[in-house]
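Each chain, letter by letter, is given below.
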Amino acid sequence: MRGMDKLHIGADQADRWRKGLRKRRHRSWWLRPRHLFALVMVPMAVGVTLYPAALDKVAALVPAGLLGEGSGNCNIKGNISIDTGERIYHVPGQEHYSETKISPQYGERWFCSEAEARAAGWRNARR
């Protein structure tokens, strides 16, 4: 009888080991966040260190309207009304400027001047 108990314990251990193996197989080491930093940021840092002019070239590829308020003096918010689909731009100091959020994925964008916004077909906010 004692031999049978040991055999059963061994089977349970093997079963637990198999289940653990299945879990280990699904987790790839390179998908873990602590490794992503090293896999992405280290090569970027080396590239910028070796070729500092490359950073300016990459920045030139990003459209000015996508960079947000921190991009120079482009602080005019081009918003699309949910109800009417109207394209409205908000200038700093207007009533709803601070609560207006820009979502580029919906076609909203930033403008550097009111003339640029009007030329793109946007109208000024009434308040």
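The structure under discussion appears in the preceding block.
Residues numbered from 1 in each chain as written. Predicted model: local features only at pLDDT ≥ 70, side-chain atom pairs only at ≥ 80, totals over all residues. Heavy atoms only, no water.

## A few points about the sheet that holds strand 1 (residues 76–80)
Note the threshold: Only when DSSP finds a minimum of two bridges between them are two strands counted as paired. Each helix is a run of H or I in the DSSP string that is no shorter than four residues. Each strand is a run of E no shorter than two, and both are numbered from the N terminus.
Read from one edge of the open sheet, four strands run 3-1-2-4, paired in mixed fashion. The open sheet has two edge strands, strand 3 (109–111) and strand 4 (123–124), and neither has a second partner. By the bridge criterion, three bridges tie strand 1 to strand 3 in an arrangement that is antiparallel. When the sheet's bridge partners are listed, Gly78 is paired in strand 3 with Arg109.

## Quick notes on the pairing of strand 1
The condition is simple: Buried residues are those whose accessible area, probed at 1.4 Å on protein chains only, stays under 20% of the maximum for their type, while exposed residues exceed 50% and partly exposed ones sit between those limits.
For strand 1, the tally of buried residues reaches five of five residues, placing the bulk of the element in the interior. Here strand 1 shows a buried face lined by Ile76, Gly78 and Ile80 and a second buried face lined by Lys77 and Asn79. Relative to strand 2 (residues 87–90), strand 1 runs antiparallel, the two being bridged by four bridges. Across the sheet, the residue bridging to Gly78 is Tyr89, located in strand 2. From the end of strand 1 to the start of strand 2, which pair antiparallel, there are six residues, and Gly85 there has a positive phi angle of about 80 degrees.

## Comments concerning the pattern of salt bridges
What counts here: In what follows, salt bridge is the name for a side-chain nitrogen of Lys or Arg lying within 4 Å of a carboxyl oxygen of Asp or Glu.
Scanning all chains against the criterion turns up three salt bridges. Between Glu116 and Arg109 there is a salt bridge; the shortest N-O distance is 3.3 Å. Arg109 gets classed as partly exposed once you look at its relative accessible area, which sits at 30%. Between Arg118 and Glu114 there is a salt bridge whose closest N-O contact spans 3.7 Å. Residue Arg118 and its partner Glu114 are located together in helix 4 (residues 114–119), separated by four residues, close to a single helical turn.

## Quick look at the packing of aromatic side chains
Keep this limit in mind: Put simply, two rings from Phe, Tyr or Trp (the six-membered ring, in Trp's case) pair if the centres are within 6.5 Å, and we call them stacked under 30 degrees between planes, edge-to-face over 60, tilted for the rest. Ring-over charges, as used throughout, are those where CZ of Arg or NZ of Lys falls within 6 Å of the ring centre and within 35 degrees of the ring normal.
This structure, assessed with the given rule, holds one aromatic pair. Ring centres of Phe111 and Trp122 lie 5.3 Å apart, and the angle between their planes is 70 degrees; on these two criteria the pair is classed as edge-to-face. Of this pair, Phe111 sits in strand 3 while Trp122 sits in the loop between helix 4 and strand 4, and the two are eleven residues apart along the sequence. Judged by relative accessible area, which is 0%, Phe111 ranks as buried. Positioned above the aromatic ring of Tyr97 is the side chain of Lys77, whose terminal nitrogen or guanidinium carbon lies 4.3 Å from the ring centre.

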